[in-house]
Amino acid sequence: MNWSFAIVNGRLAEIFFEERKKKGRRTIWAHCYVQKTEYRTKKEQEMIEADTKRVRLSYRNKQYKLVQS
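Calculation notes
- Residues numbered from 1 in each chain as written.
- Predicted model: local features only at pLDDT ≥ 70, side-chain atom pairs only at ≥ 80, totals over all residues.
- Heavy atoms only, no water.
- Helix = DSSP H or I, 4+ residues; strand = E, 2+ residues; numbered from the N terminus.
- Expected span 1.5 Å × (residues − 1).
- Buried < 20%, exposed > 50% of the residue type's maximum accessible area, 1.4 Å probe, protein only.
- Arc of directions from axis to C-beta.
- Contact = heavy atoms within 4.5 Å.
- Pairing = 2+ DSSP bridges.

Draft legend 1. Helix α1 (residues 42-54), seen in detail. Given a rise of 1.5 Å per residue, 13 residues ought to cover 18 Å, and the 19 Å separating the end C-alpha atoms of α1 matches this to within 8%. Among the residues of α1, those classed as buried are Ile48, Asp51 and Thr52. For α1, the buried positions fall inside an angular range of 95° around the axis, keeping them on one side. Facing away from the buried side of α1 by over 90 degrees, the exposed positions are Lys42, Lys43, Lys53 and Arg54. If you follow the buried residues of α1, they end up packed against β1 (2-8), β2 (11-19) and β4 (56-60).

What follows is the structure in structure tokens.
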């Protein structure tokens, strides 16, 4: 299981997902909302900036959808 930062419903969150080897698709298992102040190191801050630029999701009715930005 892997994890990454993302914007979910307009808030910073950690998402937990699994990559399928054959199809190359990702299945998102869960997310948890976090605050940027919880991560203090420079590397963590850089990871937040890089990941949130790529991943924006909407979570509704127990389904995740990629939001085009």
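Draft legend 2. Fine view of the environment of Tyr59. Considering the arrangement of structural elements, one finds Tyr59 in strand β4. For Tyr59, a relative accessible area of 31% gives the class partly exposed. The residues contacting Tyr59, other than those within four sequence positions of it, are Val8, Asn9, His31 and Tyr64.

Draft legend 3. Main features of the pairing of strand β3 (residues 26-33). As judged from the seven bridges shared by β2 and β3, these two strands associate in the antiparallel manner. Its bridge partner being in β3, Phe17 is matched across the sheet by Ile28. Taking the residues between adjacent antiparallel strands as the criterion, β2 and β3 are bridged by six residues, where Gly24 takes a positive phi near 70°.

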